[in-house]
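Understanding the architecture of this molecule
Residue-level listing of the chains:
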Amino acid sequence: MLPGMSRMRLAFWGFLFALLDLRIGGQSETVDGVTTQLSQGIDLLPDTLGWLLVALGMSGWLAPKEFGIARNAAFAALVISIADYIPGLKALAIVQGAVELAVVWFLCLGIERTAGVPADLAARARMIRIVDAVLTVFIVLLTALLVVGPGSGAGSIVAVLTVPVIVVGLFVMVFLLLLIHRAAKEPVFAGSVTAPRA
């Protein structure tokens, strides 16, 4: 762990790195009004570093066990983010959403179940956990709609719902970061030993 930085702060910075995509140098080509992405450029906040920080932030907690599950899921997200750089392994990105959902779900559940956590913080963690799960399922359904129903008007349905889904996703991301930032300030998360909520 970095000197002077709590585990929750590591998780905060890790999520910030993993969830934000700030890229430079990407190339695209437009032919007949259709734009094709040729290269993604360089990610200034690499997901790999972000997931490593989240995993380190979730390491060392004795209780509740959900932090250990979040750590393992963050390590899985780390492996998937490395595979994203290897052309033959890009198919692993398919499971990325499920793995990221597991990290958020178990991190929030761990916050909820930690003894000494204020009730309002536990309630926020529960809300974020549930909204993130519903949003992820909704995104999977939209993606399946595009894959299964091309030409059936599915594209127009997805187009209408894309902006609201992106907005809700941004709100979930901001509220998750605020939750972790607030949790880092709680005395119960200052060290590495916590007790489960009764």
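Scope of this entry: the structure provided in the associated data block. (Residues numbered from 1 in each chain as written. Predicted model: local features only at pLDDT ≥ 70, side-chain atom pairs only at ≥ 80, totals over all residues. Heavy atoms only, no water.)

Let's talk about the overall build of the chain
For the chain, the helix and strand inventory stands at six helices and four strands. Along its sequence from the N terminus, the chain presents helices and strands in the succession α-β-β-β-β-α-α-α-α-α. Within the span of the chain, comprising 198 residues, buried residues form 38% of the whole. Here the analysis covers contacts within the chain between residues at least 6 apart in sequence; of these, 68% occur between residues at least 24 apart. Summed over all atoms, the accessible surface of the chain reaches about 10,800 Å², with 71% contributed by carbon and sulfur. (Helix = DSSP H or I, 4+ residues; strand = E, 2+ residues; numbered from the N terminus. Buried < 20%, exposed > 50% of the residue type's maximum accessible area, 1.4 Å probe, protein only. Contact = heavy atoms within 4.5 Å. Areas by Shrake-Rupley, 256 points an atom, 1.4 Å probe, with all protein chains shown as cover.)

Topic: the pattern of salt bridges
A complete count under the given rule lists seven salt bridges for this structure. With a closest N to O distance of 3.3 Å, arginine 126 and glutamate 112 form a salt bridge. Placement of the pair is arginine 126 in helix α5 (residues 119–148) and glutamate 112 in helix α4 (residues 96–112), with a sequence separation of 14 residues. One salt bridge in this structure joins arginine 182 and aspartate 120, with 2.9 Å as the shortest N-O distance. (Salt bridge = Lys/Arg side-chain N within 4 Å of Asp/Glu carboxyl O.)

Focus: the packing of helix α3 (residues 66–83) against α4
When two helices pack together, their arrangement is given by the angle between the helix axes and by the axis-to-axis distance. With their axes 8 Å apart at the nearest point, α3 and α4 run at an angle of 155 degrees to one another. One way to sum up the angle between α3 and α4 is to call them roughly antiparallel. Viewed along their axes, α3 and α4 form a crossing whose handedness is left-handed. Seen from α3, the contacting residues are Glu66, Phe67, Ile69, Ala70, Ala73, Ala74, Ala76, Ala77 and Ile80; seen from α4, they are Gln96, Val99, Ala102, Val103, Phe106, Leu107, Leu109, Gly110 and Ile111. In terms of residue class, the contact of α3 with α4 is built from 15 nonpolar, two polar and one charged. (Axes fitted to C-alpha atoms, helices over the stretch in contact; angles between N-to-C directions. Parallel < 35°, antiparallel > 145°, perpendicular 65-115°, else oblique. Left-handed = near helix turned anticlockwise from the far one by under 90°. Nonpolar A, V, L, I, M, F, W, Y, C, P; charged D, E, K, R; others polar.)

Remarks on the environment of arginine 126
Classification of arginine 126 by relative accessible area gives partly exposed; the value is 38%. For arginine 126 and isoleucine 111, which are 15 residues apart along the polypeptide, the C-alpha to C-alpha distance reads 8.8 Å. Here glutamate 112 takes part through its side chain, which lies 3.3 Å from a polar atom of the side chain of arginine 126. (Polar contact = N/O pair within 3.5 Å; in protein donor to acceptor, adjacent residues only side chain to side chain.)

Description of the environment of valine 165
Along the polypeptide, valine 165 turns up in helix α6 (residues 154–185). With 27 residues separating them along the chain, valine 165 and phenylalanine 138 place their C-alpha atoms 8.4 Å apart. Beyond its immediate stretch of four places on either side in the chain, valine 165 contacts Leu135, Phe138, Ile139 and Leu142.

Observations concerning the packing of aromatic side chains
Per the counting criterion, the structure on display carries four aromatic pairs. An angle of 75 degrees between the planes, with centres 5.7 Å apart, marks the rings of phenylalanine 15 and tryptophan 51 as edge-to-face. Linking phenylalanine 15 in helix α1 (residues 7–19) with tryptophan 51 in helix α2 (residues 47–57), this pair joins segments that are 36 residues apart in sequence. Considered together, phenylalanine 15 and tryptophan 51 belong to a single accessibility category, that of buried residues. Pairing phenylalanine 67 with phenylalanine 189 gives two aromatic rings, centres 6.1 Å apart and planes at 80 degrees, and the pair type is edge-to-face. Taken together, the positions of phenylalanine 67 in helix α3 and phenylalanine 189 in the segment after α6 put the pair 122 residues apart, joining distant regions of the chain. What makes phenylalanine 67 buried here is its relative accessible area of 0%. When the ring centre of tryptophan 105 is taken as origin, the NZ or CZ atom of arginine 129, which lies over that ring, is 4.4 Å away. (Phe/Tyr/Trp six-rings, centres within 6.5 Å; stacked < 30°, edge-to-face > 60°. Lys NZ or Arg CZ within 6 Å of the ring centre and 35° of its normal.)

Take it as geometry only, folks, not as evidence of what the structure does.
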